[in-house]
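So you can see what is in the structure, the chains are spelled out below.
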Amino acid sequence: MATVLEPLADAKQLPGVSLANLATGVVARVICVSTAAEGASVELALRLAELGFLPDECVRIVARGFLAREPIAVRVGTGTFALRRFEAAAVRVQPEPPHNG
Amino acid sequence: MTDGPLIALVGNPNCGKTALFNVLTGSRQKVANYAGVTVERKEGSYVTPSGRRVRILDLPGAYSLEPLTPDEQVTADALLGRGSSKDRPNFVVCVTDATNLRQNLRLALSLKRLGLPMVVALNMSDIARRKGINIDAAKLAKELGVPVVATVGVKPSGVEHLVRVLDQLPTAAAPGAAPAVGTLVPRSEEQIERDQAEVRKILASVGADRVGGITFSDRIDAVVLHPVLGPLILAITLFLVFQAVFAWAQAPMDWVKLGVSFAGDALAAVLPASLFKSLLIDGVLAGLGSVLVFLPQIMILFLFILVLEESGYLPRAAFLLDRIMGGVGLSGRSFIPLLSSFACAIPGIMATRTIQSPRDRMTTIMIAPLMTCSARLPVYALIIGAFIPHRAVMGGLQLQGLVLLALYAASVLSAMTVAFALKRLISGKRLQPLMLELPAYHWPNVRSLAIGLWQRAEIFLTRVGTIILALMVILWALSSFPAAPPGASGPAIQYSVAGRIGAWLAVVFAPIGFNWQISIALVPGLAAREVAVGALGTVYALSATGNDIAGALTPLIAQSWSLPTALSLLAWYVFAPQCLSTLATVKRETNSWRYPLIMAGYLFGLAYLASFVTYRIALCATG
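Quick caveat: nothing in here was measured; it's all calculated off a predicted structure. (Residues numbered from 1 in each chain as written. Chains lettered and ligands numbered in written order. Predicted model: local features only at pLDDT ≥ 70, side-chain atom pairs only at ≥ 80, totals over all residues.)

## Focus: the overall build of chain B
The helix and strand tally for chain B stands at 26 helices and nine strands. A total of 623 residues make up chain B; the buried ones form 48% of that total. Once local pairs closer than 6 in sequence are excluded, the contacts in chain B between residues at least 24 apart make up 73%. (Helix = DSSP H or I, 4+ residues; strand = E, 2+ residues; numbered from the N terminus. Buried ≥ 20, exposed ≤ 12 C-beta atoms within 10 Å, placed from the backbone. Contact = placed C-beta atoms within 7 Å.)

What follows is the structure in structure tokens.
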């Protein structure tokens, strides 16, 4: 799947759902890291990729903060990272059907 | 240390690299679980079985060779030969966490592209085996095209194989003559994706591509990171730590006091009255004894911080506090440096090197000294002991403990206020990054806890034995000469150099209620804060007419200070202008005199203001 590095005019055109909105405990696969979300940049997208947020990797939200539902603890592959909402929002994911997670 | 090939340890944060370094070199240094504890250059050496000496460099953990933090910069510079020539490694050991190869192998691939000779260490292989991850090292070596060795970084037997492999390195390598470095492929999304495809292929072929379901750490996190239970557990943990600092330390502190007063009595009995006797008992013993007594409290505080670090709880605490810190323009990343600052601001300020955003880092440095460092504890403990009655209030809570908690709360509140003010003053990007790794939990290693505690005790005792001892002797001399003129009334110290300096300073400090004894003690307190207590000990020992001093400072100040003066001094110490070593550290870390000067200025101003307000209010309240 192609990686989106160019900001899109309308965030609604982005594929899948934003990782920031993924329900806790649901397994999903990364589609791409986008620079279109608010606060995102090429720098941020590259660092997220370096941490392992790469197409087809498995992600799952482990926990969320109490206030403002952030930060978000995300399992990616076999590692876990705490992200702020705007960081997670740069990652687009496709939730997996619950029975084969 | 200067001969033999240089071997660099490189790896992601939290891969157990520092533990491996400790086992290899037997070096005494800190091992921890949060990203980027290795903020200083750590070099050690050992002799291989064949009798060759090799040097080992422990590079800071990095996710990539394109640096984002000052920490990663160090690693990238060393590996690319951009740093100082003594850092250029002849050989690289890429340390990987065997339970997290999916993440760790990407760095191994980009290291391989650099063309430095390298071996991959499959670290934490014991934990991986227990988790059912069995990696075929020979097969992995074939896939990667470099030697692969399984290691267990926490015990000597776990590195035997690695040591044997390193022993077979080509002997010709001369120090500094690093092999030609390949080019760094510029970072791009495509390159990272290609690497990941390669990693997936490799993992599939060695049978380690399983991405686990719910792990043991997940089950702990379900409780520890729970939106309601999590903050509660954190609050209870921190409360217990501060309670323990006082409750557990009581007995060992009494032993130290007994020992000091016993030594004082013994010396007083055998020595003839002389200047030397005064130096020994009034200068050295009264001064050092009053500082040494706080060793148990400092040890207990550090024990807790080390256990929290090693177990992996600290990054979770940072996670829980991220929102609150975000409110004043910081991120959870600042929590770990700030917590370390409760022990001492210097390691705290150095730990800010793991913060990516320069603005966050600067703000954290500026407020780190507001955290109540352990050197302030002696001052608080002395004044609270002398002025706050030892009684229970509000159903069983200790009043003294509550006052201490209030002082810590005041320091945190003022730090948040300053951070908020800085956020308003410095306009920057609104969204600050967090991206903090939450490593798997594990039991703290007793050996590395012991090493960490011993390091702390050593640092404290060295300070007591050097800086503090020297200052005590200087202060004793300043307080003893010139001697009082014949027929003078009043204590001799008033006629000495220190007495006169104190009298001038007392004019400046009179509006906030400090007498000349306190004013004198504040001066050596700049060198190291806890010295203020020792200095008071010396000043009062010399101003007293009797001979029964060492250790009796508490009743003395309880008699001679008013309550408003005591409260004013407490308020002073919440902000107290930094000790000189902290200012020197800030100068080094920010590479300019601007920040340490601003820091000293604003803290001095706040301290004077807070003391003034406290003193005036207390004066009115007590009539």
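Resuming the write-up.
## A look at the overall build of chain A
Each helix and strand counted, chain A has two helices and six strands in total. Counting from the amino terminus, chain A carries its helices and strands in the arrangement β-β-α-β-β-β-α-β. Put simply, of all contacts in chain A between residues at least 6 apart along the chain, 66% involve residues at least 24 apart.

## A word on the pairing of strand E6 (residues 91-95) of chain A
Successive residues of a regular strand alternate their side chains across the two faces of the sheet. All names here are of chain A. With two bridges joining them, strand E1 (residues 17-18) and E6 adopt antiparallel strand pairing. When the bridges of E6 are listed, Val17 appears paired with Val93. Inspection of the sheet shows strand E2 (residues 27-33) paired to E6 by five bridges, in the antiparallel sense. When the bridges of E6 are listed, Ala28 appears paired with Pro95. (Pairing = 2+ DSSP bridges.)

## Some thoughts on the environment of B:Tyr595
All names here are of chain B. In this fold, Tyr595 is placed in helix H26 (residues 594-622). Separated by 345 residues in the primary sequence, Tyr595 and Gln250 have C-alpha atoms spaced 39 Å apart. Apart from residues lying up to four places away in sequence, Tyr595 is in contact with Ile365, Val586 and Thr590.

## Quick look at the sheet that holds strand E4 (residues 72-76) of chain A
Spatial ordering of the open sheet is given by E1(A)-E6(A)-E2(A)-E3(A)-E4(A)-E5(A)-E9(B), a layout of seven strands whose pairing is antiparallel. Because the sheet does not close on itself, it has two edges, and the strands there are E1 of chain A together with strand E9 (436-437) of chain B. Inspection of the sheet shows strand E5 (residues 79-83) of chain A paired to E9(B) by two bridges, in the antiparallel sense. Counterpart to A:Ala82 in the pairing with E9(B) is B:Leu436.

## Re helix H7 (residues 189-206) of chain B
For H7(B), built from 18 residues, the straight-helix expectation of 26 Å at 1.5 Å per residue is met to within 8% by its first-to-last C-alpha distance of 26 Å. For H7(B), every residue scored as buried is listed here: B:Ile192, B:Asp195, B:Gln196, B:Val199, B:Ile202, B:Leu203 and B:Val206. Projected down its long axis, H7(B) carries its buried residues within an arc of 125 degrees, all on one side. Looking at H7(B), the residues exposed on the side facing more than 90 degrees away from the buried face are B:Glu190, B:Lys201 and B:Ala204. Next to the buried residues of H7(B) lie helix H1 (42-51) of chain A together with helix H3 (101-114) and helix H5 (137-144) of chain B. Count one or two residues on from H7(B) and you reach B:Gly207, which has phi positive near 75 degrees. (Expected span 1.5 Å × (residues − 1). Arc of directions from axis to C-beta.)

## Some details on the packing of helix H16 (residues 358-367) of chain B against helix H18 (residues 399-425) of chain B
Residue and element names in this part refer to chain B. It is the contact of H16 with H18, at a shortest axis distance of 10 Å, that shows an interaxial angle of 145 degrees. Considering only the axes of H16 and H18, their crossing is right-handed. The segment H16 lies against H18, with Thr363, Met366 and Ile367 engaging Ala415, Val418, Ala419 and Leu422. Looking at side-chain class alone, the contact of H16 with H18 contains six nonpolar, one polar and no charged residues. (Axes fitted to C-alpha atoms, helices over the stretch in contact; angles between N-to-C directions. Left-handed = near helix turned anticlockwise from the far one by under 90°. Nonpolar A, V, L, I, M, F, W, Y, C, P; charged D, E, K, R; others polar.)

## Considering the interface of chain B and chain A
Many descriptions give the size of an interface as the accessible area lost when the pieces come together. At the interface, 31 residues of chain B touch 32 residues of chain A. Contributions of two or more residues to the side of chain B that touches chain A are made by H3, H7, helix H8 (216-224), helix H13 (313-327) and E9 of chain B. For the side of chain B that touches chain A, the element with the most residues is H7(B), which contributes four residues. Here the side of chain B that touches chain A is built from residues that sort into 15 nonpolar, seven polar and nine charged.

## Points about the confidence of the model for chain B
Residue and element names in this part refer to chain B. On average, residues of chain B score 79 in pLDDT, and 86% of them are at 70 or above. At the low end of the mean pLDDT range in chain B sits strand E8 (residues 397-398), at 70; at the high end sits strand E4 (residues 91-97), at 91. Segment residues 172-178: pLDDT under 50, and 14 contacts once partners within four positions in sequence are set aside and those in other chains are kept. Reported for the predicted complex are a pTM of 0.76 and an ipTM of 0.84. (pLDDT = per-residue confidence, 0-100.)

## What to know about the environment of B:Ala108
Its place among the elements puts B:Ala108 in helix H3. Placed 10 residues apart in sequence, B:Ala108 and B:Met118 show a C-alpha to C-alpha distance of 9.2 Å.

## Looking at the nonpolar core
In terms of nonpolar packing, the biggest core is built from 195 residues, with A:Val74, B:Ala8, B:Leu9, B:Cys94 and B:Ala121 touching the most fellow members. By residue number, the principal contributor to this core is helix H24 (residues 563-575) of chain B, which donates nine residues. In this view, B:Ala121 contacts B:Leu20, B:Val93, B:Cys94, B:Val95, B:Thr96, B:Val149, B:Thr151 and B:Leu162; residues no more than four positions away in its chain are not counted. (Core = buried A, V, L, I, M, F, W, Y, C linked by C-beta atoms within 7 Å.)

## Brief notes about the sheet that holds E4(B)
Backbone-to-backbone hydrogen bonds pair the strands of a sheet. The strands run either parallel or antiparallel. All names here are of chain B. With mixed pairing, six strands are arranged side by side in an open sheet as E2-E3-E1-E4-E5-E6. Taken across any chain shown, the strands that pair with only one partner, and hence form the sheet edges, are strand E2 (42-47) and strand E6 (148-150). Each adjacent strand pair in this sheet contributes to an overall mean axis angle of 25 degrees, direction not counted.

## Overview of the pairing of E2(B)
Pairing of E2(B) with strand E3 (residues 53-58) of chain B involves six bridges; the strand directions are antiparallel. Paired with B:Lys42 across the bridge in E3(B) is B:Asp58.

## Regarding the confidence of the model for chain A
Do not read the predicted coordinates in detail wherever pLDDT is low. Residues and elements named next belong to chain A. Taken as a whole, chain A shows an average pLDDT of 80; of its residues, 81% reach a score of 70 or greater. The least confident element of chain A is H1, whose mean pLDDT is 86; the most confident is E4, at 92. Segment residues 1-9: pLDDT under 50, and 18 contacts once partners within four positions in sequence are set aside and those in other chains are kept.

## A word on unusual backbone geometry
Residue and element names in this part refer to chain B. The phi dihedral of Asn14 falls on the positive side, at around 65 degrees, and the residue is not glycine. With respect to the element layout, Asn14 can be found in the loop between strand E1 (6-11) and helix H1 (17-25). For Met435, which is not glycine, the phi torsion reads 40 degrees and is therefore positive. On the basis of neighbour count, Met435 is assigned to the buried category, with 21 C-beta atoms found within 10 Å.

## Points about helix H2 (residues 70-79) of chain B
All names here are of chain B. With respect to burial, H2 is a largely interior element, seven of its 10 residues being buried. Within H2, burial applies to Asp71, Glu72, Val74, Thr75, Ala76, Ala78 and Leu79. Where the residues of H2 are buried, they touch E1 and H3. Directly after H2, the chain includes Gly81, whose backbone phi takes a positive value near 70 degrees.

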